[in-house]
Amino acid sequence: MRFAPSPTGSLHIGGARTALFNYLFARAGGGRLVLRLEDTDFERHIPGAEEGIIQSLRWLGIDWDEGPDVGGPYGPYRQSERLDIYRREAGRLLAAGLAYKCYCTPEELAAEREKARKAGRAPRYNGRCRELTEAEQAAKAAAGMKFALRLKVPATGQTVVEDLIHGPVVFENATLDDFIIMKSNGVPTYNFACVVDDATMGITHVIRAEEHLSNTPKQILIFRALGYALPVYAHVPMILAPDRAKLSKRHGATGVEEFRAQGYLPEALFNYLALLGWSPGDEREILSREEIIRDFSLTAVSKHAAIYDLQKLTWLNSQYMNALPLERLLELALPFFKAAELVGETLVPGEREYVLRVLETVRSRARTLVELADMACYFFRDDFTYDPKGVQKFFTAPGVPELLRAGKETLARVENFGLAETEAAYRELIAARGISGGMLIHPTRLALTGRTVGPGLFDIIVLLGKERCLERLEKAAAWIEENAVRK
RNA sequence: GGCCCCAUGGUCAAGUGGACUAAGACACCGGUCUUUCAAGCCGGUAACCCGGGUUCGAAUCCCGGUGGGGUCACCA
C-alpha cells in the first residue's frame, strides 16, 4: 500500500488519517508501506512541504518501508524524478493506438467548457483530435503546435470499481471523456502518473480518501490500456470540518503541525484519528498503537464522512497526559517548558527530578502541554502577578498581611518539610485562630502561586520548599501593604 | 446542473432481520469527593431523515423522495 501526498502544503488531519489507515493496514497485514511524493505540479509546489509532511508523519509515529527519504527497490519515490517512466508508458499507449495527440489549446478547451456549461450540458471533451488524419497531424506538428496526450475512452459500457469499503461502484463510460494523460509540457497528469506508479511499484492496495472515488474509473481504464493488474481499492470516508465542509485553511488549525504546537500528544492524535471512521467494535476508546494495529480492519471502516470534534480530541489528550509514564510526559513537555522559559536548554543536576515531581502534581489539571506549561509556571519562576479577582477576594480583608506572616512563621518552624507536617502545622494555626481553613488556605495559595486554582495547597508548599514559601509569603504581605488593597 | 458516495442523539460511534424499551464515549446538566480547580466516581437529558414496499417481524433488505458530502482542469 502507499500514501501519496503532494507537497503543496502541510499535512492536515484528513491526510494524516488516510496515511494512518494505510499504515495500520500495512502493519496489521504484514504488508509494505511506501511513501510517494506526487510533485508533478511545480507551480503549486511549496519548498519545505515535503520535509514538513515527513516530519508530521514521523511525529505521529507513522513509518514506511520505502520512500524518498529511506529509499527502496522501486524508486525513485518522487514523481518529478520518474518522468522518463511516464513518457515510456505513454509512448506505449500511443504506439498501440490507445491514446492520441490532441492539439487543442487550453483556451479553446476552456471556451468549449463554458459553452457546455451555459447550455446546461456536462463539460466533456468532444474528441475532435481523435480522428485527425496522418496528414492533419503532420501539418500541425510542422506548424510547431504543442500537443497533449489523451486516452481513448470507450463510448459505451461500464467501468466498475470494486471497493473494499463501498462494494461495487458502477460508472457509465459514456459519462467519461477522452481525458488527458500527458500534458503538452511532457509531464503526466495525476491520474496517469498515479496508475503508472501504482503498477510499477507493485502496489496491491490503494487506500485513499473518498474524494478520489470519481477518479478511479479513469485510473482503471488506464490500468487496462497499459495491461497491468488492478490493485484493490478502498476509499475511506472524508474528515469534515465542524461546518460539514471539506477541511480548508479557513477552518483554523487543522494541520498536524498545529495540533502539535498546541500541545496535543502524538499518542492522543493517533488514537483519535484511528477512531474517526473506525471502531474496534466494542466499547474500547483508549487504545494503544499495538491494540489498534491488531484490531484494525478495513471492512470495519464506516462509509460516511466524520466531523472531527476538538473537544473529544482534547479529552483524549488529557487522558493520555494522565496515563503516560512520567518520563515520556517529560520528554513531550520539555520543549514547551523551554519555550515558556521555565527551564533552560539543558537541565541542571537535580532539575529533572524536580520537573518530574511538578508534572506529577499538575498533570491531572491540564488538557494540553501548553496548559501544562502554564500551570507549572510558578514552580519555576517568581515573577508572576496576583490574579486580580483573587486579590479582590482574598487579599482585601483586614489583617491578611499579618495572617500571611503568621503562616510564614508557622512554616518556618516546621522541621521535616513534608506533606503531613506542613498541613498539621497549618491546621494548628487555623485552630488557634478559630478561623475556617479556607480563610488561611486561599490567601496562601494566591501568595504562593498568584492563582486561585491549582493543586492541593500542601502539595504546592512541599514542592516549592520552605525557603521559597517563606519568601513568597513575605513578599505577598508586603505587596498588600504597599498597594493598600481595600474593599 | 451531470455523475458518484452517504444517512443511528449536537459530535464520534455499536448495531449485518427477532437478544432494541437502540450500547458506549465526548459535550451538556445534576450529584459526590474537597482548601480551590481539575481528575475520579454516581446519575440525567438526547437519535434510527421521510414515504412506500418485502416479511410473522425492519435501525437492519428493496424502491422513491429529502438532506448532506464529493467530483466534474494540460491541480493533485
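Residues numbered from 1 in each chain as written. Chains lettered and ligands numbered in written order. Predicted model: local features only at pLDDT ≥ 70, side-chain atom pairs only at ≥ 80, totals over all residues. Heavy atoms only, no water.

Novice: When you look at the nonpolar core in this model, what are you seeing that I'm missing?
Specialist: General note: in soluble globular proteins, nonpolar side chains tend to be found buried as a group. Core analysis: the biggest nonpolar cluster contains 111 residues, and Leu24, Phe337, Phe379, Phe380 and Phe395 have the highest contact counts within it. In terms of residue count, the dominant contributor to this core is helix H1 (residues 13–29) (eight residues). By size, the runner-up hydrophobic cluster in this structure holds 31 residues, among which are Ile85, Tyr86, Leu151 and Val161. (Core = buried A, V, L, I, M, F, W, Y, C linked by side-chain atoms within 4.5 Å. Buried < 20%, exposed > 50% of the residue type's maximum accessible area, 1.4 Å probe, protein only. Helix = DSSP H or I, 4+ residues; strand = E, 2+ residues; numbered from the N terminus.)

Novice: When you look at the protein's contact with RNA strand B in this model, what are you seeing that I'm missing?
Specialist: Of all residues adjacent to RNA strand B, which total 59 residues, the nearest are Asp41, Lys183, Lys246, Glu285 and Arg365. Within 4 Å of the protein, the contacting atoms of RNA strand B are 73% sugar and phosphate, with bases supplying the remainder. The side chain of Glu210 places a nitrogen or oxygen atom 2.7 Å from a sugar or linking oxygen of RNA strand B. At 3.3 Å from a base nitrogen of RNA strand B is found a main-chain nitrogen or oxygen belonging to Leu457. Those elements that provide at least two residues to the surface near RNA strand B are helix H4 (106–118), strand E6 (167–172), strand E11 (306–307), helix H11 (310–323), helix H18 (437–449) and helix H19 (457–464). With four residues, H11 is the single largest residue contributor to the surface near RNA strand B. (Near = heavy atom within 4 Å. Polar contact = N/O pair within 3.5 Å; in protein donor to acceptor, adjacent residues only side chain to side chain.)

Novice: I'm lost on the pairing of strand E9 (residues 232–236) in this one. Help?
Specialist: Side chains on a regular strand alternate between the two faces of the sheet. Extensive coverage of E9 is indicated by the burial of four of its five residues. Note that strand E8 (residues 205–209) and E9 share five bridges and pair parallel. Note that in E9 the partner of Ala209 across the bridge is Val236. The β-α-β motif built from E8, the intervening helix H7 (residues 216–226) and the parallel element E9 has right-handed crossover chirality. (Pairing = 2+ DSSP bridges. Right-handed = clockwise from strand over helix to strand, strands pointing away.)

Novice: I would appreciate a short explanation of the confidence of the model for chain A in the present structure.
Specialist: It should be kept in mind that the predicted coordinates are not to be read in detail where pLDDT is low. Averaged over all residues, the pLDDT of chain A equals 94, while 99% of them reach at least 70. The ipTM for the predicted assembly is 0.96, set against a pTM of 0.95. (pLDDT = per-residue confidence, 0-100.)

Novice: Would you mind going over the packing of helix H12 (residues 326–339) against helix H13 (residues 351–362) with me for this structure?
Specialist: Geometrically, a packed helix pair is captured by the angle between its two axes and the distance between the axes. The interhelical angle for the contact between H12 and H13, taken along N-to-C directions, is 100 degrees, at an axis separation of 10 Å. When the axis of H12 is compared with that of H13, the two are roughly perpendicular. Touching Leu326, Glu327, Leu329, Leu330, Ala333 and Phe337 of H12 are Arg352, Val355, Leu356, Leu359 and Glu360, all from H13. Of the residues assigned to the contact of H12 with H13, the class counts are eight nonpolar, no polar and three charged. (Axes fitted to C-alpha atoms, helices over the stretch in contact; angles between N-to-C directions. Parallel < 35°, antiparallel > 145°, perpendicular 65-115°, else oblique. Contact = heavy atoms within 4.5 Å. Nonpolar A, V, L, I, M, F, W, Y, C, P; charged D, E, K, R; others polar.)

Novice: Can you walk me through the packing of helix H17 (residues 419–433) against H18 in this structure?
Specialist: Between H17 and H18, the least distance of the axes is 9 Å, while the angle of their chain directions is 125 degrees. For the element pair H17 / H18, the angle class is oblique. For the element pair H17 and H18, the recorded crossing hand is right-handed. Of the residues in H18, those in contact with Tyr426, Arg427, Leu429 and Ile430 of H17 are Gly437, Leu440, Ile441 and Thr444. Counted by class, the contact of H17 with H18 contains five nonpolar, two polar and one charged residues. (Left-handed = near helix turned anticlockwise from the far one by under 90°.)

Novice: Looking at this structure, how should I read the layout of surface pockets?
Specialist: Gaps left between atoms show up when a probe the size of a water molecule is rolled over them. Space inside the largest pocket adds up to approximately 1,300 Å³. As for the largest pocket, its lining consists of 45 residues, of which Pro5, Ser6, Thr8, His12 and Glu211 are closest to the centre. Among the elements that line the lining of the largest pocket, the one with the most residues is H1, at four residues. A breakdown of the residues in the lining of the largest pocket according to their chemical character gives 15 nonpolar, 17 polar and 13 charged. Its volume calculated, the second largest pocket comes out at about 640 Å³. If you trace the second largest pocket, you find 26 residues lining it, with Pro106, Leu109, Arg113, Arg150 and Ile180 closest to the centre. Breaking the lining of the second largest pocket down by element, the ones donating at least two residues are H4 and strand E4 (148–151). Tallying contributions element by element places H4 first for the lining of the second largest pocket, with six residues. (1 Å grid on protein atoms, 1.4 Å probe; cavity = no way out; pocket = protein on both sides within 12 Å on 5 of 7 lines; lining within 4 Å. Points joined across faces, edges and corners; volume = space filled by probe spheres on them.)

Novice: Hey, could you run me through H13 in this one?
Specialist: Residue pairs three or four apart in sequence face the same way in an α-helix, which turns once every 3.6 residues. The terminal C-alpha atoms of H13, which comprises 12 residues, lie 16 Å apart, in line with the 16 Å expected from a rise of 1.5 Å per residue. Glu351, Tyr354, Val355, Leu356, Val358, Leu359 and Val362 are the residues of H13 that are buried. Contact partners of the buried residues in H13: H12, helix H14 (369–376), H19 and helix H20 (466–483). (Expected span 1.5 Å × (residues − 1).)

Novice: Which parts of the structure should I look at to understand the side chain of Asp178?
Specialist: Position of Asp178 among the secondary structure elements: in the loop between E6 and strand E7 (180–182). Using a relative accessible area of 6% as the deciding quantity, one classes Asp178 as buried. Only 3.0 Å separates the side chain of Asp178 from the side chain of Arg130, close enough to count as a polar contact. In terms of polar contacts, Asp178 uses its side chain to reach the backbone amide nitrogen of Val153, at 2.9 Å.

Novice: Even after reading the chapter, I still don't get helix H15 (residues 388–395), so can you show me in this structure?
Specialist: If you check which residues of H15 are buried, you get Gly390, Val391, Phe394 and Phe395. Across the axial projection of H15, the buried residues extend over an arc of 105 degrees, all falling on one side. Seen from the open side of H15, the exposed residues pointing more than 90 degrees away from its buried face are Pro388, Lys389 and Lys393. Against the buried residues of H15 lie helix H16 (400–412), H18 and H20. (Arc of directions from axis to C-beta.)

Novice: I would appreciate a short explanation of the environment of Leu35 in the present structure.
Specialist: Tracing the chain through its elements places Leu35 in strand E2 (residues 34–35). Classification of Leu35 by relative accessible area gives buried; the value is 2%. Linking Leu35 and Tyr77, residues 42 residues apart in sequence, is a C-alpha distance of 7.2 Å. Here Leu35 is in contact with Phe3, Pro5, Ile54, Leu57, Trp64, Glu66, Gly67, Pro68 and Tyr77, once residues within four sequence places are set aside.

Novice: What exactly am I supposed to notice about the state of the cysteines here?
Specialist: Throughout this description, disulfide means a covalent bond between two cysteine sulfur atoms. Evaluated as defined, the whole model comprises zero disulfides. This cysteine, Cys469, is not joined by any disulfide, and Cys377 carries the nearest cysteine sulfur, 16 Å off. (Disulfide = S-S within 2.5 Å.)

Novice: Honestly, unusual backbone geometry in this entry has me stumped. Any pointers?
Specialist: Omega for the bond connecting Gly75 with Pro76 falls within 30 degrees of zero, at 0 degrees, which places this linkage in the cis form. With respect to the element layout, Pro76 can be found in the loop between helix H2 (49–60) and helix H3 (83–95). In this structure, Arg244 takes a positive phi of about 70 degrees despite not being glycine. You can see Arg244 is positioned in the loop between strand E10 (239–240) and helix H8 (256–261). Positive phi, normally seen in glycine, also occurs at Glu341, with a value near 60 degrees. Here Glu341 is to be found in the loop between H12 and H13.

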